[in-house]
Amino acid sequence: MYEEEQTVSTLTSAGYFNARVGSPTSGTDSLKRSALDSGNSMVEVFQNQNAAITGQTSSAIGCSYTPSPGDSRYFRFIVTPSTTGVTSTLSPDMTIDSVPQSLVAESLQGLSTDDFIQVSANVTQAKAESLFGASYATLR
């Protein structure tokens, strides 16, 4: 239904990268779309209205998919490291949701789980305010 190619260097980031996915069907950003891309708009790719969406298989043979309400879309990473030139498909495919997600979230802006207070029956907003003062004690 949609395919694009991007070149991202991770030489100075220890393998970490960010990639913005999704491009228009025309203009400069459309150059990210690969030869196997079917030319569908992002609206067409994500519609779930029982209308067929055309696509192509990896061998450039036409195909179609008719989504049902609630069907998910998936993101597949295929990487080719410049050091080896060997293409690998990362697994598992990621579900594309309407909210950001992380496969590994070891910290929140550098804070680990040890830096947070776990709210429970014994730890309440009122008790935190009495210990630290209202301006320093916002539990979430």
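Here the structure is a predicted model, which means the values were calculated and not measured.

## Observations regarding the overall build of the protein chain
Check the secondary structure of the protein chain and you find two helices and six strands. The secondary structure elements of the protein chain, listed N-terminal to C-terminal, are α-β-β-β-β-β-β-α. For the protein chain, buried positions account for 12% of its 140 residues. Within the protein chain, contacts between residues at least 6 apart in sequence are counted, and of these 21% link residues at least 24 apart. As displayed, the protein chain offers around 11100 Å² of accessible surface, 54% of which is attributable to carbon and sulfur atoms.

## Considerations on the pattern of salt bridges
Applying the stated criterion to the full structure yields two salt bridges. A salt bridge links arginine 33 to aspartate 37; its shortest N-O distance comes to 2.7 Å. For the pair formed by arginine 33 and aspartate 37, the shared burial category is buried. Across the pair aspartate 93 and arginine 76 runs a salt bridge whose closest N-O atoms are separated by 2.7 Å. Pair noted here: aspartate 93 is in the loop between β5 (88–89) and β6 (94–96) and arginine 76 is in the loop between β3 (73–75) and β4 (78–79), with a separation of 17 residues, a long-range link. Since its relative accessible area comes to 30%, aspartate 93 is described here as partly exposed. Exposure remark for arginine 76: the relative accessible area of 53% places this residue in the exposed category.

## Let's talk about the packing of aromatic side chains
Inspection of the entire model under this criterion finds two aromatic pairs. Consider the rings of phenylalanine 75 and phenylalanine 77, whose centres lie 4.5 Å apart with planes at 65 degrees: the pair is edge-to-face. Given a relative accessible area of 24%, phenylalanine 77 falls into the partly exposed group. The rings of Phe17, Phe75 and Phe77 are connected pair by pair, giving a single aromatic cluster.

## Some points on the confidence of the model for the protein chain
Across the protein chain, the average pLDDT comes to 78, with 80% of residues at 70 or higher. Taken element by element, the predicted model of the protein chain shows its lowest mean pLDDT in helix α2 (residues 125–132) (78) and its highest in β5 (90).

## Let's talk about unusual backbone geometry
In this chain, serine 91 is followed by proline 92 through a cis amide linkage whose omega measures 5 degrees. Note that proline 92 resides in the loop between β5 and β6. Positive phi values are uncommon outside glycine, yet alanine 14 reaches one of about 55 degrees. One can find alanine 14 in the segment before α1 (42–46). The class of alanine 14 is exposed, set by a relative accessible area of 68%.

Cut-offs applied
Residues numbered from 1 in each chain as written. Predicted model: local features only at pLDDT ≥ 70, side-chain atom pairs only at ≥ 80, totals over all residues. Heavy atoms only, no water. Helix = DSSP H or I, 4+ residues; strand = E, 2+ residues; numbered from the N terminus. Buried < 20%, exposed > 50% of the residue type's maximum accessible area, 1.4 Å probe, protein only. Contact = heavy atoms within 4.5 Å. Areas by Shrake-Rupley, 256 points an atom, 1.4 Å probe, with all protein chains shown as cover. Salt bridge = Lys/Arg side-chain N within 4 Å of Asp/Glu carboxyl O. Phe/Tyr/Trp six-rings, centres within 6.5 Å; stacked < 30°, edge-to-face > 60°. pLDDT = per-residue confidence, 0-100.

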